[in-house]
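# A closer look at the structure
Residues per chain, in single letters:
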2 protein chains.
Amino acid sequence: MTIDDPSPGRARSLRFGANYVPSHGWFYSWLDFDAATARADLGDLASLGMDHVRIFPIWPWVQPGRGHLRRRAVEDVRSLVRIAAELGLEVSIDLLQGHLSSFDFLPSWTLTWHHASVFEDSRVRDGVHAYVAHMVAELASEPNVFAFTIGNEVNNLWPSNPTTADTSTAWARDLVNCIREHARPDQHVVHSLFDDAFYAPDHPFGPLEVAQLGDVSSVHSWVFNGTSRIDGPLGPATTGHAAYLAELATACGGRERPVWLQEVGAPLPDIPVRDAEEFVRRTVRSVTALPQLTGVTWWCSHDIDRRQLDFPDREYDLGLFTVDHRPKPIARALRDALFDARQTQPTADEQRAELTAPSNIMHDLAGRESVAPGSEFHRQWVAASSAVPARIQLPPHKGQLDPQ
Amino acid sequence: MTIDDPSPGRARSLRFGANYVPSHGWFYSWLDFDAATARADLGDLASLGMDHVRIFPIWPWVQPGRGHLRRRAVEDVRSLVRIAAELGLEVSIDLLQGHLSSFDFLPSWTLTWHHASVFEDSRVRDGVHAYVAHMVAELASEPNVFAFTIGNEVNNLWPSNPTTADTSTAWARDLVNCIREHARPDQHVVHSLFDDAFYAPDHPFGPLEVAQLGDVSSVHSWVFNGTSRIDGPLGPATTGHAAYLAELATACGGRERPVWLQEVGAPLPDIPVRDAEEFVRRTVRSVTALPQLTGVTWWCSHDIDRRQLDFPDREYDLGLFTVDHRPKPIARALRDALFDARQTQPTADEQRAELTAPSNIMHDLAGRESVAPGSEFHRQWVAASSAVPARIQLPPHKGQLDPQ
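I will try to describe carefully the structure that is included in this document. Just so you know, the residues in each chain are numbered from 1, in the order the chain's sequence is written. Whichever chain is written first is A, and whichever ligand is written first is 1; the rest continue in order. Totals for whole chains, interfaces and linings use all residues, but because this is a predicted model, local features are given only for residues with pLDDT of at least 70 and pairs of side-chain atoms are given and counted only at 80 or more. Side-chain figures throughout are based on the complete set of non-hydrogen atoms in the structure, without hydrogens or water.

## A look at the overall build of chain A
When helices and strands are counted, chain A shows 13 helices and 12 strands. In terms of principal-axis extent, the alpha carbons of chain A reach across some 55 × 50 × 40 Å. Any two residues whose heavy atoms approach within 4.5 Å at even a single point are treated as in contact. A separation threshold of at least 6 residues defines the contact pool for chain A, and within that pool the share at least 24 residues apart is 79%. Here the open area of atoms and residues is found with the Shrake-Rupley method and a 1.4 Å probe, where only the protein chains shown may cover a residue. With the model as given, the accessible surface of chain A reaches about 14100 Å², and the carbon-plus-sulfur share is 51%. Taken together, the 36 basic and 52 acidic charged side chains of chain A have centroids lying 3 Å from each other. Put simply, DSSP H or I for four residues or longer makes a helix, DSSP E for two residues or longer makes a strand, and each gets a number counted from the N terminus. Residues counted as positive are Lys and Arg, residues counted as negative are Asp and Glu, and His and the chain ends are not counted. Note on charges: their place is set at NZ of Lys, CZ of Arg, CG of Asp or CD of Glu.

## Topic: the packing of helix α1 (residues 35–47) of chain A against helix α3 (residues 71–86) of chain A
Residues and elements named next belong to chain A. The convention used is that axes are lines fitted to C-alpha atoms, helices contributing only their stretch in contact, and that angles between N-to-C directions extend from 0 to 180 degrees. The interhelical angle for the contact between α1 and α3, taken along N-to-C directions, is 40°, at an axis separation of 10 Å. When the axes of α1 and α3 are compared, the pair comes out oblique. α1 and α3 meet at a crossing whose hand is right-handed. Contacts between α1 and α3 involve Ala35, Ala38, Arg39 and Leu42 from the first element and Leu80, Ile83, Ala84 and Glu86 from the second. Among the residues making up the contact of α1 with α3, the classes are represented as six nonpolar, no polar and two charged. Under this scheme an angle from 65 to 115 degrees is roughly perpendicular, one under 35 degrees roughly parallel, and one over 145 degrees roughly antiparallel; angles in between are oblique. Take the far helix as the reference: if the near one is turned anticlockwise from it by less than a right angle, the crossing is left-handed, and if turned clockwise, right-handed. Nonpolar residues are Ala, Val, Leu, Ile, Met, Phe, Trp, Tyr, Cys and Pro. Charged residues are Asp, Glu, Lys and Arg, and all others, Gly as well, are polar.

## Some points on the relation of the copies chain B and chain A
What relates the two chain copies is a rotation about an axis together with a slide along it. If you rotate chain B by 180° and push it 0.0 Å along the axis, it lands on chain A with an RMSD of 0.0 Å. Such a combination of turn and shift is consistent with a two-fold rotation axis. In terms of proximity to the rotation axis, the leading residue of chain B is leucine 31 of chain B, whose C-alpha is 3.8 Å off the axis. When the interface residues of chain B are mapped onto chain A, 100% of them again lie at the interface, so the same face is used by both copies. The least-squares superposition of copies is restricted to C-alpha atoms, and to residues with a pLDDT of at least 70 in both copies.

## As for the sheet that holds strand β9 (residues 259–264) of chain B
All names here are of chain B. Across the sheet, eight strands lie side by side as β7-β6-β3-β2-β1-β10-β9-β8; this open sheet has parallel pairing. Looking at which strands have only one partner, the edges of the open sheet turn out to be β7 (188–190) and β8 (217–221). Neighbour-to-neighbour, the strand axes of this sheet turn through a mean angle of 20°, independent of strand direction. Two elements, strand β1 (residues 15–19) and strand β10 (residues 293–299), share five bridges in a ladder whose sense is parallel. Across the sheet, residue asparagine 19 finds its bridge partner in β10, namely tryptophan 299. Docked against the sheet, helix α3 (residues 71–86) engages β2 (52–55), β3 (90–94) and β6 (145–149), running at close to 155° with respect to β3. Contacting β8 and β9, helix α10 (residues 241–253) runs over the sheet at an angle of about 150° to β8. Two strands pair under a simple rule: DSSP has to find at least two bridges between them.

## Brief notes about the side chain of aspartate 305 of chain A
With respect to the helices and strands, aspartate 305 of chain A occurs in the loop between β10 (293–299) and α12 (329–342). When neighbours within four sequence positions are excluded, aspartate 305 of chain A is seen to be in contact with Tyr316 and Val323 of chain A.

## A few points about the environment of valine 296 of chain B
All names here are of chain B. Assignment of secondary structure puts valine 296 in strand β10. Accessibility expressed as a relative area gives 1% for valine 296, which makes it buried. Spatially, the C-alpha atom of valine 296 lies 32 Å from that of arginine 70, the residues being 226 residues apart in sequence. Think of it in three bands: with a 1.4 Å probe and only protein chains considered, a residue is buried below 20% of the maximum accessible area for its type, exposed above 50%, and partly exposed in between.

## What about the pairing of β9 of chain B?
Looking along a regular strand, one sees side chains alternate from face to face of the sheet. All names here are of chain B. The element β9 is extensively covered by neighbouring structure, given that six of its six residues are classed as buried. In this structure, β8 lies alongside β9, joined through five bridges in parallel fashion. Among the inter-strand pairings, serine 218 is bridged to a residue of β9, identified as tryptophan 260. Here β9 pairs with β10 via four bridges, running parallel.

## Overview of empty space enclosed by the protein
Points on a 1 Å grid, built from protein atoms alone, make a cavity when a 1.4 Å probe fits but cannot get out and make a pocket when they are open with protein on both sides within 12 Å along at least 5 of 7 lines; residues with an atom within 4 Å of a point are the lining residues. Grid points are joined across faces, edges and corners, and a volume is the space filled by probe spheres set on the points. For the coordinates displayed, the defined rule picks out three cavities of 30 Å³ or more. Its volume calculated, the largest cavity comes out at about 180 Å³. The wall of the largest cavity is formed by 18 residues, among which Pro60, Trp61 and Leu106 of chain A together with Trp61 and Leu106 of chain B lie closest to the centre. Its residues placed into classes, the lining of the largest cavity shows 14 nonpolar, two polar and two charged.

## As for the sheet that holds strand β2 (residues 52–55) of chain A
Residues and elements named next belong to chain A. The parallel closed barrel is built from eight strands, whose spatial order is β1-β2-β3-β6-β7-β8-β9-β10. Going across the sheet, the axis of each strand differs from the next one's by a mean of 25°, ignoring polarity. Bridge count between strand β8 (residues 216–221) and strand β9 (residues 259–264): five bridges; the pairing is parallel. Strands in contact with helix α5 (residues 165–182) are β6 (145–149) and β7 (188–191); relative to β7, the strand with the most contacts, it is inclined by about 160°.

## Side note on the pairing of strand β3 (residues 90–94) of chain A
All names here are of chain A. Counting buried positions along β3 gives four out of five residues, so the element sits mostly inside the fold. The pairing of β2 with β3 spans four bridges and is classified as parallel. By the bridge assignment for β3, isoleucine 55 is matched with isoleucine 93. Sheet analysis places β3 next to β6, joined by four bridges and oriented parallel. Pairing of aspartate 94 across the sheet is with threonine 149, part of β6.

## Some points on the packing of helix α11 (residues 273–288) of chain A against α12 of chain A
All names here are of chain A. Two elements in contact, α11 and α12, have axes separated by 9 Å at closest approach and are oriented at 25°. Relative to α12, the element α11 lies roughly parallel. Judged by the twist between their axes, the crossing of α11 over α12 is right-handed. Here Ala276, Glu277, Val280, Arg281, Val284 and Thr288 of α11 lie close against α12, whose contacting residues are Pro329, Ile330, Ala333, Leu334, Ala337, Leu338 and Ala341. Classifying every residue of the contact of α11 with α12 by side-chain character gives 10 nonpolar, one polar and two charged.

## Here's the deal with the interface of chain B and chain A
Listed by partner, the interface residues are 31 residues for chain B and 31 residues for chain A. Interface area, chain B with chain A, both sides summed: about 2900 Å², of which 55% is carbon and sulfur. We define buried area as the total accessible area lost by two parts upon association, computed with a 1.4 Å probe and summed across both. Considering only the surface of chain B that becomes buried against chain A, Trp113, His114 and Asp310 of chain B emerge as the three largest contributors, covering 19% of it. The working definition used for a salt bridge is a side-chain nitrogen of Lys or Arg within 4 Å of a carboxyl oxygen of Asp or Glu. At the junction of chain B with chain A, the criterion picks out eight salt bridges. Of the charged contacts, one joins arginine 66 of chain A and aspartate 310 of chain B as a salt bridge, the two residues approaching to 2.8 Å between their closest N and O atoms. Each residue belonging to the side of chain B that touches chain A can be placed in one class, and the counts come to 11 nonpolar, 12 polar and eight charged.

Here it is in structure tokens:
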């Protein structure tokens, strides 16, 4: 997420990368890490002109016992990071997986007889802290690691792991500090949540965590959250959703704080194949109009082999590349859209409309419904963003009326 | 569990072995299988004159996805089996771990968003079936594999995986048949449950499963189940508990069916170190007096390193050997006790007293409490077994009164 990209001739530095889903054996392949396969996969991404990948170690395979951190598992992550370096790719490492594509990976020391909340229980928190500290201490020295994220959408680990909004925030703050303690000063610390943090009134993870913890606000834009039902694959609500989320994050985190579109994808059936390239173009154009936007990281690099079972159907075909390394049309569309975006100045704040949200979602968590996709405010924002995405500001925080 | 042991000069063939708990990294070591370490561990057991080991692959590390069976994981199991062969040890393979020493290992495709009962859900049962079929088909050809067990005390996977008595029986029968289909005819098929199957009135796994499915009844004798509180570490209830369970299994399975004491150990604090050797001697003498007893497999081979966290305290010190390969006094006591037992004829049925249980626990599951440790019947059995363990028979099954 650095903004000092030295590439000459660009109007603008914008990171361009992918969430790395291995082409063979999905994330199960960590158990049999193969450098040649990983090199072929990352080579696909480098061939698109990407500058980074986001990678996902599997927590219980690194730390199968609370007191058992596997050296080789960490070395496999290091090998992947170095393969990326050879290909000119920087790396963002998500630590606590945790959740990936509907599957939760949780160590046996948090399950059944040992069940205790990842968020609430001091024993488990000690274990998580030890894991995060160990991973960052081991991997921060790799020169091409530019960011650490606590974990991919850790709010998916709830409700199987109980928590409250206050507990979640304290938990994330502790881990952000833990990463900071072991990371290099130039490495970004990131906390990523799926968008219920912004939209769901009873969700025990709030926008404050995304927008104020760590160095950058990360947003994950998935139009299967209801947005695509508003106006279809190419409607402005759908193709503007990434920008909408990014503006909400900025409303919460302030205009100076960078925003990273850490995940965005074109899921079936919401985005039919015939519309996917145009969806990519419009989405990228919309979100990269925002000056606070530092990069786009597509979900995901590679399709999932249909012989892998039990995934939600939409997960199989999200790749830019097939499992046999053929680029899909959206791969080129994405590459071209990012190339265009880098040649274009973002739209200055003063050239954009500004709307005030109906509730201060940072502090009034119950009010989050008022900004959810399909809400009156969201529709107003879509209407006001026909040329460029409108700014959003939050109303003043009425502390005395705040149920939080 | 063959009874045609060719060793000359023995009055009797009795298997003598251990449940293999790796000295380094506990079962987490499967993720970094090291042949040299395994050879040193199994060498300890061979040095005691053992003839077999029982081994425990970890299910979710072999089958992390329902459609993803890892070749290398199976080859690691094969390597361990062949190391055992080199040391003259036969091997019994437990398949579905599942449960080990308070930890449950369950794949992500059975957890959280994918939660479904291992016993009840057809999708998960299909996955388990595929795993069991694959493992047995791959490993049955190893000449020194003498038995397959469905899994270690799979009834510990309940209640996190709901089931009923009928469902559990059908589930186990299906897997016994699956193993039979792929195993050699001389290999035994075993179903192992912890003793709530015999004692707990509301437990949804019953004695029928242990005593009638597969080729041999396996019993797991753990005196921390309440027995040691009856008369202390060296009292007849405590040191006779393995024989009591074995007799209950025979009451349920018939006098012709062999019984394997597949797990027995000397847990702290129930059995203090100062009493452990005598506990071993008395337990072995008592249980090997039974003609149906085919072998004793001690839990376990090696202690657990105290740097491993979250185990119940008693689990750390159950080994015959320390983590640095020193035999503990009970190792020699066990070896000598088995040597003595092999020189001694079991006590013929007609020389033993016989008691009739107060309820037919095969069919009247609610009546199981009447034979639990501390029950009037159990105390009568202990009194009648002062010289040699008394036989047990079940009363006729009163079908019309049977709540099952």
